[in-house]
Amino acid sequence: MPTSVDIAHLPGEGGPIAAVRNTLGWMTHGIDHLLAQHRRFGPVYRSVFAGYQVVCVADPDLVLSIAREDETWSTSLAWLTFFQGIDAKINAAKMDSPLFLDFKPHRDARKVFQPAFGHSATASYFDAATPIFEQAIERWMARGHVSFKDEIRSLMMKVSTRIFLGVDDEAAAFEKALIDYWEGPLSLTRSKLLSPSWRRSIRGHAVLCEMLRSRISARRASGGDDLFSRLCAKTQEPETLVDDDGLVRLMIGIKSAAFATTSSGLTSMAYLLATHPEWQERMRAEAIALSKGRINYEQSNQLEVTSRVWKEAMRLYPIAPYTARRALHDTQLGQWRIPAGTFVMGMISAVLRDSNLWSNPDRFDPDRFTPERAEDKRHKAAFLPFGIGGHTCTGMHLANAEVKAFWHALLTRCRFTLERDYKARHTYMPAGIVSGDVKLRIERL
Ligand code: HEM
């Protein structure tokens, strides 16, 4: 399905100069760039992002309407626009990355992997992640400083390699392959001859396939409690029989959806806590009151201040910019006609700063999430950092659990400040994250 549908009747901009300006705007000024576009063109506008012609929808009611599962909107076609061509075996009719599937095949896929994200699975991932966090934090304390942005990304990769694949080594190899794979959708041209990033993306994907495929029989035999072992076992059951290709594609889909999301959020949160020491103290007091020692997943649910600060970090510095959909037939968004094939981005990030929904939306104010104020409940689309509808983030509870395990382990051991004070911007790289290295000075309690 082409992205070059006729949408000239919509407000907004197009063409190669706008494409370059807009892509740079996303990368260097993130949400501020998106809000400026929204103010300039209105709640529904056409734009170009990394060479794709898109329609951005920043009105909360319209964001809800494109999440409908009524066969008007396809998630699969939207995400395939980015990734098609990297993997010759994409199979939108069978088991595949969940974002490449729609409707019944998608619901079937979710039945296969949902149990691996259930309550008891998340509790065991929490227990597996905690000692890895503790070891890293001990190293940072001994050193007295950490370059947080880089080191948390590698640390989260190590954690995810442990809880997804049951292995402690090879995190660096997986990280490299995923970084390469993610370069593909942003390549200026999809030619193996002309584009090194496109070539790296294809190679990265092939490496991921090989790393996963070579582990299937061992993980099937292991009966382990990592995510891959759970999926290997589940896909052996007669009613969910999935071939090895499908299993590998499913796992790559999950791993790439998870890539750099939680670590980006943790980086923005670290910056906010370093620049708002009173909130760092409030979170520390809560963590120590709960326990100075190791906690489990159940206990972590009592970390209410942590939860509020995490939500506020995701609201102020959104991680996922949009939910991606394509119109399957001609339809309407408010007053605007949307032709079949149009790529539509539901700008969940812009809604997170909507001044009609949030008081002082640019202010860091975690108490807006208290039950008394409950600003997130003012509209169904007010707070959707993990998306909405049938494609809502499968890893939401895992991400929240990892964040609580990490901050509990860190704040009960040390306090931190920025090595060099600076005013961060929000950027998209491609996940939303604060600018700068977030270098921290660490002081043992
Ligand atoms: C703070 C961290 C995270 C954020 C903000 C986030 C955000 C999102 C969003 C907005 C979507 C919906 C995309 C759309 O509708 O087009 C999504 C989907 C998804 N996420 Fe996350 N995510 C995070 C972490 C994770 C983690 C840790 C995992 C896996 C372990 C994960 C796995 C997935 C999967 C598999 C989907 C596709 C679900 C489906 O299509 O059924 N995410 N995520």
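The rules behind each value
- Residues numbered from 1 in each chain as written.
- Predicted model: local features only at pLDDT ≥ 70, side-chain atom pairs only at ≥ 80, totals over all residues.
- Heavy atoms only, no water.
- Helix = DSSP H or I, 4+ residues; strand = E, 2+ residues; numbered from the N terminus.
- Rg over C-alpha atoms; globule rule 2.2 N^0.38 Å.
- Buried < 20%, exposed > 50% of the residue type's maximum accessible area, 1.4 Å probe, protein only.
- Donors = N, O, S within 2.8 Å, 3.2 Å for Na, K, Ca; no water.
- Contact = heavy atoms within 4.5 Å.
- Pairing = 2+ DSSP bridges.
- Axes fitted to C-alpha atoms, helices over the stretch in contact; angles between N-to-C directions.
- Near = heavy atom within 4 Å.
- Polar contact = N/O pair within 3.5 Å; in protein donor to acceptor, adjacent residues only side chain to side chain.
- Nonpolar A, V, L, I, M, F, W, Y, C, P; charged D, E, K, R; others polar.

A. Representation of the overall build of the chain. Helix and strand counts for the chain stand at 17 helices and twelve strands. What you see for the chain is a C-alpha radius of gyration of 21 Å, in line with the 22 Å of a compact globule of 445 residues. With respect to the principal axes defined by its C-alpha atoms, the chain has extents near 60 × 55 × 45 Å. Split into buried and exposed, the 445 residues of the chain put 58% on the buried side.

B. A look at the coordination of the iron atom of the ligand. Exactly one donor from the protein chain reaches the iron atom of the ligand: Cys393 (SG), at 2.3 Å. Secondary-structure assignment places Cys393 in the loop between helix 16 (348–351) and helix 17 (396–411).

C. Examining the environment of Asp87 more closely. By the secondary structure assignment, Asp87 is in the loop between helix 3 (75–83) and helix 4 (103–113). A residue is classified by how much of its surface remains accessible, and Asp87, at 12% relative accessible area, is buried. A sequence separation of 171 residues divides Asp87 from Ala258, and the C-alpha atoms of the two residues are 19 Å apart. Asp87 has contacts with His205 and Arg249, leaving out every residue within four places of it along the chain.

D. Quick peek at the sheet that holds strand 9 (residues 414–418). Strands sit in the order 4-12-9 across an open sheet of three strands; the sheet is antiparallel. With one partner strand each, in any of the chains shown, strand 4 (145–147) and strand 9 form the two edges of the open sheet. Strand-to-strand twist of the sheet, defined as the mean angle between neighbouring strand axes without regard to direction, takes the value 30°. For strand 4 and strand 12 (residues 439–444), the ladder comprises three bridges, and the chain directions are antiparallel. Across the sheet, the residue bridging to Val146 is Leu440, located in strand 12.

E. View of the pairing of strand 1 (residues 44–49). Strand 1 sits mainly inside the fold: six of its six residues count as buried. Here strand 1 shows two buried faces, one formed by Val44, Arg46 and Val48 and the other by Tyr45, Ser47 and Phe49. One ladder, built from six bridges, connects strand 1 with strand 2 (residues 52–57); its direction is antiparallel. Within the sheet, the bridge partner assigned to Tyr45 lies in strand 2 and is Cys56. Linking strand 1 to strand 2, which pair antiparallel, is a turn of two residues; within it Ala50 sits at a positive phi near 45°.

F. Region of interest: the site of the ligand. Residues in close proximity to the ligand total 29 residues, the closest being Trp79, His106, Arg110, His391 and Cys393. Within the side chain of Trp79, an N or O atom sits 3.0 Å from an oxygen atom of the ligand. Contributions of two or more residues to the shell around the ligand are made by helix 4, helix 11 (244–258), helix 12 (261–275), strand 5 (323–327) and helix 17. Of the residues forming the shell around the ligand, the biggest block, three residues, is contributed by strand 5. When the residues that make up the shell around the ligand are grouped by side-chain class, the tally is 17 nonpolar, ten polar and two charged.

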